[in-house]
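Survey of secondary and tertiary structure
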Amino acid sequence: RIEAAARRAGRDPGAVHLLAVSKQQPIEAIAAAADAGQCEFGENYVREALPKIEALSARALTWHFIGQLQANKTRDVAEHFQWVHTVDRERIATRLDAQRPHYAGPLDVLLQVRLCDEPGRGGVEPGDLPGLAEFVAGLPRLRLRGLMCIPPPVTGESAQRVPFARLRELLEDLNRRGHRLDTLSMGMSADLEAAILEGATLVRVGT
């Protein structure tokens, strides 16, 4: 599906990475996916993720935190993950920066953008995005890579593409302001084709 969508968009399929969402999956299933060549995994809950990361530490896997991040969980995320997709405020970014171990290298960070008024959904408002991006880019232990969104489910590819196009436009605007962002984390099992058509570089698939 990823390859077909990339070809429809006139893009190199290799430019779109599959992030396997491994929440609620047993260690054995993750190991089997790794044996099949999958190297990037996404987890939503810190407590559930840490035993998996430890058990599979001998493998060259990349772990992405993709859940809503609470301040009291930032240390575990900063110490054990390589990516965080859901930074949406300065306080969280500051804590991740301060708690990132120096031996680990910079933590790759995406800013989660709130594109619609959906109760309970995290994300920075688009109008506040440039300020947050500037703040995060100035933190030495973080490396700002791009943007992420979780739009509400809609049917029809045309409707699905609307929020993804908006996120791509926001990333392009930040790059015009001097950033060098290269990552759009958008699209899941039901709408990954629409996301790829609008420039997704990471699609998050758990189903």
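Notes on the structure follow. (Residues numbered from 1 in each chain as written. Predicted model: local features only at pLDDT ≥ 70, side-chain atom pairs only at ≥ 80, totals over all residues. Heavy atoms only, no water.)

**What about the overall build of the protein chain?**
Rules: Helix and strand definitions follow DSSP, with helices as H or I runs of at least four residues and strands as E runs of at least two, each counted in order from the N terminus. Using C-alpha atoms as the atom set, the radius of gyration is obtained and then compared with a globule rule of 2.2 Å times the number of residues to the power 0.38. Throughout this description, buried means an accessible area under 20% of the type-specific maximum (1.4 Å probe, protein chains only), exposed means over 50%, and partly exposed covers the range between.
Summing up its helical and strand segments, the protein chain has eight helices and eight strands in all. For the protein chain, the C-alpha radius of gyration of 16 Å lies close to 17 Å, the compact-globule estimate for 207 residues. Judged by the C-alpha coordinates and their principal axes, the protein chain covers about 40 × 40 × 30 Å. Looking at the protein chain as a whole, 52% of its 207 residues qualify as buried.

**Concerning the nonpolar core**
Operational definition: Nonpolar cores are built from buried Ala, Val, Leu, Ile, Met, Phe, Trp, Tyr and Cys residues. Side-chain atoms within 4.5 Å join them into one set.
Counting residues in hydrophobic clusters, the biggest one holds 55 residues, and the most contacted among them are Leu96, Leu111, Val136, Leu147 and Ile196. Residue contributions to this core peak at five residues, all from helix H7 (residues 157-176).

**Digging into the pattern of salt bridges**
What counts is decided by this rule: By definition, a salt bridge exists where a carboxyl oxygen of Asp or Glu is found within 4 Å of a side-chain nitrogen of Lys or Arg.
Going through the model one piece at a time under the given rule, you end up with 17 salt bridges. Here Glu43 makes a salt bridge to Lys52, at a shortest N to O gap of 3.0 Å. For the pair Glu43 and Lys52, one class covers both residues: buried. When the shortest N-O distance is used, the salt bridge between Arg89 and Asp88 registers 2.7 Å. By relative accessible area, which is 16% here, Asp88 ends up buried.

On their own, these measurements won't tell you what the molecule is for.
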